[in-house]
Amino acid sequence: MRTFGFPDFLFILQAAQWTIALSLIAFVGGAIGGLLVALGRTSDNAFARRAATVFVQVFQGTPLLLQLFLIFFGFPVMGIDVNPWVAAGTALVLNTSAFLGEIWRGCIEAIPHGQREAADALGLHYVARMRDVILPQAFKIALAPTVGYMVQVIKGTSLAAIIGFTEVTRAGQIVNNATFQPLIVFSLVAGIYFALCWPLSLLAARMERRQAQALAR
Amino acid sequence: MHYQFQFQDVFAAWPLLLQGTWITIRLSLTATVLGLAVAIACAWGKTSGPKWLRFPINAYIELIRNTPFLVQLFFFFFALPALGLRWSAHAAALVAMVVNLGAYATEIIRAGIESIPRGQIEAGLALNLRRHQVFRHIILKPALKAIYPALTSQFILLMLSSAVVSAISADDLTSVAANLQSQTFRSFEIYIVVALIYLALALAFSGLFRLVYRLALNYPDRR
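The rules behind the values
Residues numbered from 1 in each chain as written. Chains lettered and ligands numbered in written order. Predicted model: local features only at pLDDT ≥ 70, side-chain atom pairs only at ≥ 80, totals over all residues. Helix = DSSP H or I, 4+ residues; strand = E, 2+ residues; numbered from the N terminus. Buried ≥ 20, exposed ≤ 12 C-beta atoms within 10 Å, placed from the backbone. Contact = placed C-beta atoms within 7 Å. Nonpolar A, V, L, I, M, F, W, Y, C, P; charged D, E, K, R; others polar. pLDDT = per-residue confidence, 0-100. Axes fitted to C-alpha atoms, helices over the stretch in contact; angles between N-to-C directions. Parallel < 35°, antiparallel > 145°, perpendicular 65-115°, else oblique. Core = buried A, V, L, I, M, F, W, Y, C linked by C-beta atoms within 7 Å. Left-handed = near helix turned anticlockwise from the far one by under 90°.

**Considering the overall build of chain B**
Logical step 1: If you tally the helices and strands in chain B, you get nine helices and zero strands.
Logical step 2: Along its sequence from the N terminus, chain B presents helices and strands in the succession α-α-α-α-α-α-α-α-α.
Logical step 3: Overall size of chain B, expressed as C-alpha extent along the three principal axes, is 75 × 45 × 30 Å.
Logical step 4: With 223 residues in all, chain B has 35% of them scored as buried.
Logical step 5: Long-range contacts, defined as pairs at least 24 residues apart, comprise 79% of the intrachain contacts of chain B with a sequence gap of at least 6.

So this is what it looks like as structure tokens:
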């Protein structure tokens with residue numbers, strides 16, 4: 001047993017880079033997947049709507065931890081080699097896709113129907129209608145809740161610790177096992193998450209207020 | 001793909017899985033009831049309590065909402081005993097869930113209280129309704145209706161995130177799955193079944209909540 005020292009502090013702090021890296025992977029992948037989900041859910045095609053709905057129900061209706069386990073234990077079954085990076089990245093991307101997709105679906109549906117009719121009347125095809133008419137307007141209202149959801153993504157990466165991915169939480173567990181000073185260790189871990197998440201929360205709240213003001217005018 | 005799925009070990013353990021499911025439901029319901037009590041107290045403190053109370057309440061909410069549940073769980077299970085508080089994994093899990101839900105539900109309830117315009121209450125009093133009648137018919141019901149969707153989806157989120165308490169081996173459904181896994185080595189099959197149980201729970205509760213809404217809260221809005 002040793003006492004908590006500066007090297008331990010540094011070890012946990014350095015692990016924050018993996019939390020950030022995993023969050024970015026989850027967010028970028030989840031944004032691409034989320035766009036597909038949102039387009040599927042608002043599609044005219046019944047099959048696309050159905051498929052996107054089932055996807056969302058499955059990923060919003062099961063715990064993220066179980067999704068992580070299923071991928072971690074399921075990929076080897078299908079003959080795919082997994083390390084914690086691949087398993088955690090895949091699970092978080094899929095989960096984020098479902099939640100961002102639902103948020104963005106709401107934003108797309110909030111655009112008045114007349115916009116779509118106008119685009120149709122101008123003879124715009126689906127791609128042009130979405131790209132030039134609907135999505136730019138939806139983007140504006142989607143910004144605040146998306147920033148807010150990034151906080152959930154960062155917090156979600158902590159579950160990767162359970163399958164042995166050494167990010168901040170896992171680093172904390174390792175140091176705690178060696179030093180047995182949980183109060184300092186987990187306060188530090190919580191502090192790092194707070195430092196990452198709080199600015200995003202404040203930004204999201206500010207954007208929301210601004211938007212409410214803009215709409216009230 | 002030459003994997004032989006073997007579910008018999010999983011299904012043979014159905015009494016354990018059933019018990020784990022029951023513990024997950026009970027844990028979530030208990031945490032919700034206690035968490036709502038915390039949230040109502042905090043919402044009162046934020047909207048009509050003394051000024052000095054606001055800072056600690058806001059600090060609590062921001063701290064909980066901006067750190068992962070898993071870290072909060074580790075804090076309650078590992079750090080508090082280091083300060084001399086000895087408790088079981090189950091108790092630590094329950095307290096962590098109560099504290100977590102309390103923070104999220106405070107904001108929901110506060111929004112509900114603030115959604116009742118002052119004029120409505122005055123109108124009720126002017127119609128000679130008694131205080132408790134005003135509270136019941138003019139404040140409580142519309143406020144409940146306003147926050148019902150957010151509150152019920154928060155319950156489902158809590159139930160799903162309670163899977164995380166298996167990290168400290170509280171005896172919930174996911175803990176049962178982890179134990180079975182180490183005995184039978186049928187990890188994939190076990191987690192498929194357990195994920196389906198969670199999915200069934202989530203769908204059942206959201207169906208139940210929709211039914212309650214239709215039966216008790218479905219009346220025309222003034223807006």
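**Description of the overall build of chain A**
Logical step 1: Assigned secondary structure in chain A consists of eight helices and zero strands.
Logical step 2: With the C-alpha coordinates of chain A rotated into their principal frame, the extents come out at 75 × 50 × 25 Å.
Logical step 3: Put simply, chain A has 217 residues, and 40% of those count as buried.
Logical step 4: When contacts within chain A are restricted to residue pairs at least 6 apart in sequence, long-range pairs at least 24 apart make up 76% of them.

**With respect to the interface of chain B and chain A**
Logical step 1: Facing the 32 residues of chain B at the interface are 31 residues of chain A.
Logical step 2: Breaking the side of chain B that touches chain A down by element, the ones donating at least two residues are helix H3 (54–65), helix H4 (69–82), helix H7 (131–161) and helix H9 (187–217) of chain B.
Logical step 3: In terms of residues, the side of chain B that touches chain A owes the most to one element, H9 of chain B, which gives ten residues.
Logical step 4: Classifying every residue of the side of chain B that touches chain A by side-chain character gives 25 nonpolar, five polar and two charged.

**Topic: the confidence of the model for chain A**
For any part of a model where pLDDT is low, the fine detail of the predicted coordinates should not be relied upon.
Logical step 1: Summing up the model confidence of chain A, the mean pLDDT is 93 and the portion of residues at 70 or higher is 99%.
Logical step 2: Model confidence for chain A, summarised as mean pLDDT per element, is weakest for helix H3 (residues 64–77) of chain A at 92 and strongest for helix H2 (residues 46–61) of chain A at 96.

**Here we look at the packing of helix H7 (residues 168–179) of chain A against helix H8 (residues 182–216) of chain A**
Residues and elements named next belong to chain A.
Logical step 1: Remark: H7 packs on H8, axes separated minimally by 9 Å, with the N-to-C direction vectors making an angle of 170 degrees. When the axis of H7 is compared with that of H8, the two are roughly antiparallel. Of the residues in H8, those in contact with Val-168, Thr-169, Gly-172, Val-175 and Asn-176 of H7 are Pro-182, Val-185, Phe-186, Val-189, Ile-192 and Tyr-193.
Logical step 2: Residues belonging to the contact of H7 with H8 are distributed by class as follows: eight nonpolar, three polar and no charged.

**Notes on unusual backbone geometry**
Residue and element names in this part refer to chain A.
Logical step 1: For Phe-180, which is not a glycine, the phi torsion comes out positive at approximately 50 degrees.
Logical step 2: For Phe-180, the position within the fold is in the loop between H7 and H8.
Logical step 3: Judged by the 14 C-beta atoms lying within 10 Å of it, Phe-180 is partly exposed.

**Some points on the nonpolar core**
Logical step 1: Judged by nonpolar contacts, the single largest core of 105 residues is most densely connected at Leu-68 of chain A together with Leu-73 and Tyr-191 of chain B.
Logical step 2: Counting residues per element, this core draws most heavily on helix H4 (residues 84–109) of chain A, at eleven residues.
Logical step 3: Ignoring anything within four residues of it in the chain, the contact list for Leu-68 of chain A reads Ala-87, Ala-88, Ala-91, Leu-159 and Ile-163 of chain A.

**Describing the confidence of the model for chain B**
All names here are of chain B.
Logical step 1: Overall, the predicted model of chain B reaches an average pLDDT of 90, with 98% of residues at or above 70.
Logical step 2: The secondary structure element of chain B with the lowest average pLDDT is helix H1 (residues 8–12), at 80, and the one with the highest is H3, at 95.
Logical step 3: In the model output, the complex is listed with pTM 0.91 alongside ipTM 0.92.

**Focus on the environment of Asn-218 of chain B**
Residue and element names in this part refer to chain B.
Logical step 1: Of note, Asn-218 is situated in the segment after H9.
Logical step 2: Assessed through the 9 C-beta atoms surrounding it within 10 Å, Asn-218 is described here as exposed.
Logical step 3: Each C-alpha atom of the pair Asn-218 and Lys-145 lies 8.4 Å from the other, and the pair is 73 residues apart in sequence.

**A word on the packing of H3 of chain A against H9 of chain B**
Logical step 1: Running from N to C, H3 of chain A and H9 of chain B point in directions that differ by 150 degrees, and their axes come no closer than 9 Å. Handedness of the crossing formed by H3 of chain A with H9 of chain B: left-handed. Side by side, H3 of chain A and H9 of chain B meet where Leu-66, Phe-69, Leu-70, Phe-73, Gly-74 and Val-77 of chain A of the first sit next to Ser-187, Phe-188, Tyr-191, Ile-192, Val-194, Ala-195 and Tyr-198 of chain B of the second.
Logical step 2: Among the residues forming the contact of H3 of chain A with H9 of chain B, the class breakdown is eleven nonpolar, two polar and no charged.

**Overview of the environment of Val-168 of chain A**
Residue and element names in this part refer to chain A.
Logical step 1: In this fold, Val-168 is placed in helix H7.
Logical step 2: For the pair Val-168 and Pro-63, spaced 105 residues apart in the sequence, the C-alpha separation amounts to 21 Å.
Logical step 3: Those residues in contact with Val-168 that lie beyond four places of it in its chain are Ile-12, Ala-15, Ala-16, Thr-19, Val-189, Ile-192 and Tyr-193.

**Brief notes about the environment of Ala-110 of chain A**
Residue and element names in this part refer to chain A.
Logical step 1: Along the chain, Ala-110 turns up in the loop between H4 and helix H5 (113–121).
Logical step 2: A count of 11 C-beta atoms within 10 Å places Ala-110 in the exposed class.
Logical step 3: With 90 residues separating them in the primary sequence, Ala-110 and Ile-20 have C-alpha atoms 32 Å apart.

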